[in-house]
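Chain by chain, the residues:
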Amino acid sequence: MPLDIIVGAQWGDEGKGRMVDLLAEQAAAVARWGGGDNAGHTVTVGDNIFKLHLIPSGIIHPLTVGVMGNGMVINPETLLAEMAHLEGLGVRVPPERLRISPSAHLITPAHRALDAAQEQQRGGGKIGTTLRGIGPAYVDKAARRGLRVGDMLDEEDLADKVKAHVENTNRQLSALYNAEPLDAHEVAAQFAEYARRLRPYIADTSVYLHQLLADGKRVLGEGAQGTLLDLDHGTYPYVTSSHPIAPGALLGLGLGFAAVGEVIGVTKAFQTRVGEGGFPTEQEGETAERLRGTGENPWDEFGTTTGRPRRVGWLDLVLLRYAVRVNGLTKLALTKLDILSGLKPMKICVAYEGGGRTHRELPLGLRGLEDFMPVYQELRGWDEDLRGVREWADLPQAARDYIHLIEEQAGVAVGWASVGPERGQLVARG
Ligand code: GDP
Ligand code: IMO
Ligand code: MG
């Protein structure tokens, strides 16, 4: 059995969590390969709304093991809070159910302080980060001075490393950003406690996943963020500091190419973005309000991690084709189709205009996204409420036409359409 990879095809928040929850039932393990608690993955099961930032969404299925791979950056404080959140909803997370790579990096309060100070200094040029310390933690990793999960195995060594890290960060905070320093001893004491609690979870996750695959078990890779936030292939500099695209899964889990089965791209039926950066199909006014919702419903477009209202717009097929290419997508999952009911006419972006020409592909990758005007195709839309639909044949013809256009333009089949946040609110292609 292969490693199937689930990846965000847009700017994150596509509904990866709910798709992972669907497919995790048949997986022995679900593995996160990158990012940290900048992610917010929602899974709705009856009255319970699980909000997962670090632990793979597969954990909700009692027989599925969660794996946190070497490519992640992990804030132990968030992780322990998340274990408590899960326990409150009846999901216990003992060490048999969660394995953490010793090579994953740690996020500390010093990283968070740096993230905030840097955003403040950027002023109008800010990235709009989640302020979770993600960028600074990956900077320390690349600079080869990061703290790793494996450092928690040796108590004395950990205390020395944490203190040195906080002192180094303090010098940056005061010299470059005029920000308050942190108490190195206090942070070291916190980390000693985190280490005590998390040590039993540390395991060689690469060996574990290899063995599962060799035994014919299915493993699911759970992407965080989305293609357009990828450090190399996203809308730089308005990106995150890791590799949300599918090849990142191999790097971030310690697996080889031969392991890969399906690569499933999750896309909303429209487009959203949190944070700054170009967004050619962005809408304001009434259309935006319809797409975003007002915040009364849990699924309305307000960030899971930060509560910020998400920017919204029409689905952009130029960007979706790009996501198909850089991820090698083999299938699409289309989420939030229910939200488009009653939006008439509907629009979908099929190309860009810029420099006196029409572009189906971006001429220079994602550079200069701000300089392109979207070319829209108008569709008649539909009025029917889709939330109760469970069979493909019961989708209104206009909704099937919309899906057909997406498939034709993206060159990849849509395997699932979701019509509500609940586990069962999903239409699978026969
Ligand atoms: P992720 O980060 O990709 O896992 O996505 P998020 O959980 O951050 O955001 C997706 C939001 O949409 C969550 O509130 C989900 O419960 C909700 N959602 C997912 N699929 C659907 C759907 O088909 N319809 C509706 N109305 N909401 C959905
Ligand atoms: P999930 O996994 C949406 C965005 C931030 C910001 C940029 C950089 O829930 O889809 P960072 O804190 O990573 O340095 O911020 O990336 N971002 C996300 N947007 N969903 C996410 O995760 C995101 N993770 C980061 O808003 O624009
Ligand atoms: Mg999210």
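Residues numbered from 1 in each chain as written. Chains lettered and ligands numbered in written order. Predicted model: local features only at pLDDT ≥ 70, side-chain atom pairs only at ≥ 80, totals over all residues. Heavy atoms only, no water.

### Let's talk about the overall build of the chain
Move 1: Looking only at helices and strands, the chain has 11 helices and 20 strands in total.
Move 2: Taking 430 residues into account, the globule formula puts the C-alpha radius of gyration at 22 Å, and the chain, at 21 Å, falls close to it.
Move 3: For the chain, the residues scored as buried account for 57% of the 430 residues in total.
Move 4: Considering only residue pairs separated by 6 or more positions, the chain has 76% of its internal contacts joining residues 24 or more positions apart.
Move 5: Summing over all exposed atoms, the chain offers an accessible surface of approximately 17,700 Å²; the carbon and sulfur share of this is 49%.
Move 6: Separation of charge centres in the chain, based on 45 positive and 55 negative side chains, amounts to 2 Å. (Helix = DSSP H or I, 4+ residues; strand = E, 2+ residues; numbered from the N terminus. Rg over C-alpha atoms; globule rule 2.2 N^0.38 Å. Buried < 20%, exposed > 50% of the residue type's maximum accessible area, 1.4 Å probe, protein only. Contact = heavy atoms within 4.5 Å. Areas by Shrake-Rupley, 256 points an atom, 1.4 Å probe, with all protein chains shown as cover. Lys, Arg positive; Asp, Glu negative; His and termini not counted. Charge placed at Lys NZ, Arg CZ, Asp CG, Glu CD.)

### Description of a negative patch on the surface
Move 1: On the surface, a cluster of negative charge is contributed by D154, E155, E156 and D160.
Move 2: In this fold, D154 is placed in the loop between α4 (134–142) and α5 (155–177). (Patch = residues over 30% accessible without salt bridge, like charges linked within 9 Å, V, L, I, M, F, W, Y side chains within 5 Å. Salt bridge = Lys/Arg side-chain N within 4 Å of Asp/Glu carboxyl O.)

### Focus: the coordination of the magnesium ion (ligand 3)
Move 1: Protein coordination at the magnesium ion (ligand 3) comes from D13 (OD) and G40 (O), with a distance range of 2.0 to 2.2 Å. Placement of D13 in the loop between β1 (3–8) and α1 (16–24) and of G40 in the loop between β2 (29–32) and β3 (41–45) is noted, with a sequence separation of 27 residues between them.
Move 2: For D13, a relative accessible area of 22% corresponds to the partly exposed category. (Donors = N, O, S within 2.8 Å, 3.2 Å for Na, K, Ca; no water.)

### Observations concerning the side chain of N38
Move 1: When you line up the elements, N38 lands in the loop between β2 and β3.
Move 2: A polar atom in the side chain of N38 sits 2.9 Å from the backbone nitrogen of G36.
Move 3: Within polar-contact distance, the side chain of N38 engages the side chain of T240 at 3.3 Å.
Move 4: Excluding its chain neighbours within four sequence positions, the residues that come into contact with N38 are T130, R132, I134, Q225, T240 and T305. (Polar contact = N/O pair within 3.5 Å; in protein donor to acceptor, adjacent residues only side chain to side chain.)

### Digging into the site of ligand 1
Move 1: Among the 21 residues in the neighbourhood of ligand 1, the closest are listed as K16, G40, T42, D338 and S418.
Move 2: Note that an oxygen atom of ligand 1 is positioned 2.8 Å from one of the backbone N or O atoms of G40.
Move 3: Here G420 contributes a backbone N or O atom positioned 3.1 Å from an oxygen atom of ligand 1.
Move 4: Out of a free accessible area of 580 Å², ligand 1 has 98% covered by protein chains.
Move 5: Among the secondary structure elements, those contributing two or more residues to the shell around ligand 1 are α1 and β3.
Move 6: Of the residues that constitute the shell around ligand 1, the class distribution is five nonpolar, nine polar and seven charged. (Near = heavy atom within 4 Å. Nonpolar A, V, L, I, M, F, W, Y, C, P; charged D, E, K, R; others polar.)

### A word on the site of ligand 2
Move 1: As a structural note, the neighbourhood of ligand 2 is formed by 20 residues, with D13, K16, H41, T130 and T240 the closest of them.
Move 2: Contacts to ligand 2 include Q225, whose backbone N or O atom sits 2.8 Å from an oxygen atom.
Move 3: The contact in question runs from an oxygen atom of ligand 2 to an N or O atom on the side chain of T240, over 2.6 Å.
Move 4: Within the complex, 98% of the 550 Å² of free accessible area of ligand 2 lies under protein.
Move 5: Looking at the shell around ligand 2 residue by residue, the classes come out as seven nonpolar, 10 polar and three charged.

### Thoughts on the pattern of salt bridges
Move 1: Scanning the model with the defined rule gives 20 salt bridges in all.
Move 2: A salt bridge links R423 to D21; the nearest nitrogen and oxygen atoms lie 2.8 Å apart. Of this pair, R423 sits in the loop between β19 (414–418) and β20 (426–428) while D21 sits in helix α1; the two residues are 402 residues apart in sequence, bridging distant segments of the chain.
Move 3: The salt bridge involving R122 is made with E119; its shortest N-O contact spans 2.6 Å. Of the two residues, R122 and E119 both sit in helix α3 (residues 109–122), three residues apart, roughly one turn of that helix.
Move 4: Accessibility expressed as a relative area gives 8% for E119, which makes it buried.
Move 5: One continuous salt-bridge network, built from bridges that share partners, spans D13, K268, E301, R310 and K336.

### Thoughts on the confidence of the model for the chain
Move 1: Taken over all residues, the pLDDT of the chain has a mean of 96, while the share at 70 or more is 100%.
Move 2: Ranking the elements of the chain by mean pLDDT puts strand β17 (residues 363–366) last, at 76, and strand β6 (residues 73–74) first, at 99. (pLDDT = per-residue confidence, 0-100.)

### Looking at the packing of aromatic side chains
Move 1: Tallying each qualifying case throughout the model produces four aromatic pairs.
Move 2: Taken together, a centroid distance of 5.1 Å and an interplanar angle of 75 degrees make the contact between F191 and Y194 edge-to-face. With F191 and Y194 both in helix α6 (residues 184–198), this residue pair falls three residues apart, about one helical turn. Like F191, the residue Y194 is buried in the burial classification.
Move 3: Seen from their ring centres, Y352 and F372 are 5.5 Å apart, and the 25 degrees between their planes marks the pair as stacked. Linking Y352 in strand β15 (residues 346–354) with F372 in the loop between β17 and β18 (373–379), this pair joins segments that are 20 residues apart in sequence. Accessibility assignment for this pair places Y352 and F372 in one class, buried.
Move 4: The ring of Y208 has R99 lying over it, and the distance from NZ or CZ to the ring centre is 4.1 Å. (Phe/Tyr/Trp six-rings, centres within 6.5 Å; stacked < 30°, edge-to-face > 60°. Lys NZ or Arg CZ within 6 Å of the ring centre and 35° of its normal.)

### Regarding unusual backbone geometry
Move 1: Y236 connects to P237 through a cis peptide bond whose omega is 5 degrees.
Move 2: By secondary structure assignment, the location of P237 is in the loop between β9 (219–222) and α8 (247–253).
Move 3: Cis geometry is adopted by the peptide bond preceding P345, which originates at K344 and carries an omega value of -10 degrees.
Move 4: A positive phi angle, near 60 degrees, is found at R144, a position not held by glycine.
Move 5: Among the secondary structure elements, R144 is positioned in the loop between α4 and α5.
Move 6: Backbone geometry places Q225, a non-glycine residue, at a positive phi of 55 degrees.
Move 7: Summarising the element assignment, Q225 is placed in the loop between β9 and α8.
Move 8: Residue classification places Q225 among the buried positions, given a relative accessible area of 8%.

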